[in-house]
Amino acid sequence: MIFDRQRIIGNYIVDFYVKTLGLIIEIDGSSHDEKQIYDGIRQEYLESLSLLVFRFTDFDVKNNLWIVMKELEDFIITHYGTTPSSKIE
């Protein structure tokens, strides 16, 4: 599985993008505080392109990475019906 970082999609830059799955991975930090409306519009646009968005906090990445990785794996299995075929690096 190849993850593109800081990928431009339309007028937005996403944190990570997995083209083969049509999956966007967003890490929400303090820059997202007070931006719920903007984030909602952005997510609606991305989903209108038939992309799925998986989000989690930067706190969890820094402090609970194993939980984030497990939740990402579960998300992929739930939405794509299979275990990822290669390691997420």
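Residues numbered from 1 in each chain as written. Predicted model: local features only at pLDDT ≥ 70, side-chain atom pairs only at ≥ 80, totals over all residues. Heavy atoms only, no water.

Let's shift gears to the nonpolar core. Counting nine residues, the largest nonpolar core is built from V18, L23, I25, F54, F56, V68, L72, F75 and I76. Elements represented by at least two residues in this core include exactly β3 (23-28), β4 (52-57) and α3 (65-80). With four residues, the single largest contributor to this core is α3. F56 has contacts with I25, E26, I27, D28, V61 and V68, leaving out every residue within four places of it along the chain. Counting residues in each nonpolar core, the second largest holds seven residues, with I9, I24, L51 and V53 among its members. (Core = buried A, V, L, I, M, F, W, Y, C linked by side-chain atoms within 4.5 Å. Buried < 20%, exposed > 50% of the residue type's maximum accessible area, 1.4 Å probe, protein only. Helix = DSSP H or I, 4+ residues; strand = E, 2+ residues; numbered from the N terminus. Contact = heavy atoms within 4.5 Å.)

Here we come to helix α1 (residues 36-48). Across its 13 residues, α1 extends 18 Å between first and last C-alpha, which sits within 8% of the 18 Å expected from 1.5 Å per residue. Every buried residue belonging to α1 is among D39, R42, Q43 and L46, and all of these are buried. Taken end-on, α1 shows its buried residues confined to a sector of 100°, consistent with a single buried face. Of the exposed residues in α1, those oriented more than 90 degrees away from the buried face are I37, E44 and S48. (Expected span 1.5 Å × (residues − 1). Arc of directions from axis to C-beta.)

As for its placement among the helices and strands, F3 is situated in the segment before β1 (4-9). For F3, a relative accessible area of 22% gives the class partly exposed. Spatially, the C-alpha atom of F3 lies 9.2 Å from that of I25, the residues being 22 residues apart in sequence.

The next subject is the packing of aromatic side chains. Scanning all chains against the criterion turns up four aromatic pairs. Between the aromatic rings of Y12 and Y38, the centroid separation amounts to 6.0 Å while the plane-to-plane angle is 65°, which identifies the pairing as edge-to-face. In this pair, Y12 sits in strand β2 (residues 12-18) while Y38 sits in helix α1, placing the two residues 26 residues apart along the sequence. Look at Y38 and you get partly exposed, because its relative accessible area is 45%. Here the aromatic rings of F54 and F75 are separated by 5.1 Å at their centres, their planes lie at 55°, and the arrangement is tilted. (Phe/Tyr/Trp six-rings, centres within 6.5 Å; stacked < 30°, edge-to-face > 60°.)

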